[in-house]
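Structure at a glance
In case you want the letters, here they are:
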Amino acid sequence: MIRIRRVLAPNPGPYTGPGTNTYLVSDGVSAVVIDPGPIIESHLRTIVRELGDAEPAAVVVTHTHPDHAPAANPLGERLNVPVLGHSPGPGFRPDRRLADGDEIEGGAFSLIAVHTPGHAADHLCFLIGDVLFTGDHIMGGSTVVIEDGAAYMRSLQRVLDLGPERLYPGHGDEIPDAADAVREYIEHRRARELQILDAIGAGAETVRDVVDAVYADVAPVLRPAATRQVMVQLEKLESEGRVRWAPGGADEAAGLTLVEE
Ligand SMILES: [Zn+2]
């Protein structure tokens, strides 16, 4: 009987929702810690306390963003267990690097690493039975910031093909209907692409124009992220030959010319 305990890190914010979810996966005898989060001493103490009598086996991270990975090495040292992840990153040095399909032994149980690039190139999900820990690949209650649109869509399809029943995201609540949630994500991305193509068709000539049309309601604090998202999606559309983009620079006001094929 596998138990999953969520320990919420005290780092709420516009990009982290209520905070980062740290998960303790245990069979009552041994335990694996997923995403210990940023280095916050009170959070580390809570993790250690919540492990209780379970023997820690490993600390793993879904990816190396600052709200997920920096506490991994300090926690690994404190628990005297190896720290595992796809790649080194800022403030993160894995004792062992994980590739797609690798198993993380937690004593009598194991987690399987699933490489899911898109939000980040080094992103892993972790599968155990019909449960998938999704990090920032799929979030509870919000969409995801992506850095590679084509890879992201392939990684969503990968999760759909794996067929987990429940998702435990890096932020927000458990998602009980995995397939429905993943299909919604895929539909959301396709709808955004159509909105971008429509905006260009209606005369948008710069990234700023597209952001104004597609992310009209976005809070000012999130506008830089929205701008980055439009650029990522334009790169995908360009690579598919659906948009021609003459880059004039990375600034959203630079004289980009967007031409619908
Ligand atoms: Zn992230």
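Nothing here was measured: the structure is a model prediction, and the numbers come from that model. (Residues numbered from 1 in each chain as written. Predicted model: local features only at pLDDT ≥ 70, side-chain atom pairs only at ≥ 80, totals over all residues.)

Of the regular secondary structure elements, the protein holds 6 helices and 13 strands. Scaling as 2.2 N^0.38, a compact globule of 261 residues should have a C-alpha radius of gyration of about 18 Å, and the protein matches this with 20 Å. Looking at the 261 residues of the protein, the share that counts as buried comes to 43%. Across the protein, contacts joining residues at least 24 apart in sequence account for 57% of those joining residues at least 6 apart. (Helix = DSSP H or I, 4+ residues; strand = E, 2+ residues; numbered from the N terminus. Rg over C-alpha atoms; globule rule 2.2 N^0.38 Å. Buried ≥ 20, exposed ≤ 12 C-beta atoms within 10 Å, placed from the backbone. Contact = placed C-beta atoms within 7 Å.)

Attention shifts here to the packing of helix H3 (residues 149–162) against helix H4 (residues 178–201). Closest axis-to-axis distance for the H3/H4 pair is 9 Å, and the angle between their directions is 160 degrees. Judged on the interaxial angle alone, H4 and H3 are roughly antiparallel. Between H3 and H4 lies a crossing whose hand is left-handed. Between H3 and H4, the contacting residues are Met-153, Leu-156, Val-159 and Leu-160 on the first element and Ala-179, Val-182, Tyr-185, Ile-186 and Arg-189 on the second. Grouping the amino acids of the contact of H3 with H4 by side-chain chemistry returns 8 nonpolar, no polar and 1 charged. (Axes fitted to C-alpha atoms, helices over the stretch in contact; angles between N-to-C directions. Parallel < 35°, antiparallel > 145°, perpendicular 65-115°, else oblique. Left-handed = near helix turned anticlockwise from the far one by under 90°. Nonpolar A, V, L, I, M, F, W, Y, C, P; charged D, E, K, R; others polar.)

Of all hydrophobic cores here, the largest spans 48 residues; its most connected members are Val-32 and Val-60. If near-sequence neighbours (up to four positions away) are discounted, Val-32 is found in contact with Val-25, Ala-57, Ala-58, Val-60, Ile-104, Gly-106 and Leu-111. Formed by 13 residues, the second largest nonpolar core is a distinct cluster that contains Ile-196, Ala-204, Val-214 and Val-243. (Core = buried A, V, L, I, M, F, W, Y, C linked by C-beta atoms within 7 Å.)

Attention now moves to the sheet that holds strand E11 (residues 166–169). Taken together, 5 strands build an open sheet; the order of strands is E7-E8-E9-E10-E11 and the sheet is mixed. Of all the strands in the sheet, the pair left with one neighbour each is strand E7 (103–105) and E11. Strand-to-strand, the axes of this sheet are offset by a mean angle of 25 degrees, without reference to chain direction. Where E7 meets strand E8 (residues 110–115), 3 bridges bridge the pair, whose relative direction is antiparallel. Considered in E8, the bridge of Glu-105 is made with Ser-110. (Pairing = 2+ DSSP bridges.)

What follows concerns the domain arrangement of the protein. We note that the domain assignment places domain 1 (3–176) and domain 2 (188–260) within the protein. On a C-alpha basis, the centroid separation for the pair domain 1 and domain 2 is 31 Å. The interface is formed by 9 residues belonging to domain 1 together with 11 residues belonging to domain 2. Counted by class, the side of domain 1 that touches domain 2 contains 5 nonpolar, 2 polar and 2 charged residues. (Domains from an automatic or database assignment.)

Let us now look at the pairing of strand E2 (residues 21–26). When a strand is regular, its side chains alternate between the sheet's two faces. With 6 of 6 residues buried, E2 is to be regarded as a mostly interior element. Where burial is concerned, the two faces of E2 agree: the one with Asn-21, Tyr-23 and Val-25 and the one with Thr-22, Leu-24 and Ser-26 are both buried. As defined by bridge partners, strand E1 (residues 3–8) adjoins E2 across 6 bridges and the pair is classed as antiparallel. Following the sheet pairing, Arg-5 is matched in E2 by Leu-24. Sheet topology places E2 next to strand E3 (residues 30–34); 4 bridges connect them, and they run antiparallel. Bridge pairing in E3 links Tyr-23 to Ile-34.

It is worth spelling out helix H5 (residues 207–214) at this point. Taken as a whole, H5 has its buried residues at Val-207, Val-210, Val-211 and Val-214. Down the axis of H5, the buried side of the element spans an arc of 100 degrees, and every buried residue falls inside it. Contact partners of the buried residues in H5: H4 and helix H6 (223–239). (Arc of directions from axis to C-beta.)

Next up on the list: unusual backbone geometry. Residue Asp-35 is not a glycine yet carries a positive backbone phi of 55 degrees. Turning to its location among the elements, Asp-35 is positioned in the loop between E3 and helix H1 (41–51). Taking the C-beta count within 10 Å as the criterion, Asp-35 has 28 such neighbours and is therefore assigned buried. Phi angles above zero are rare outside glycine, and Asn-80 is one such case at about 60 degrees.

This brings us to the pairing of strand E10 (residues 131–135). Within E10, 5 of the 5 residues are buried, leaving the element largely enclosed by the surrounding structure. Sheet topology note: the strand E9 (residues 124–128)/E10 ladder contains 3 bridges and is antiparallel. In the strand pairing of E10, Ile-128 is matched with Val-131. Joining the antiparallel neighbours E9 and E10 is a turn of 2 residues, in which Gly-129 adopts a positive phi near 60 degrees. Note on the crossover from E10 through H3 to E11: the handedness is right-handed. (Right-handed = clockwise from strand over helix to strand, strands pointing away.)

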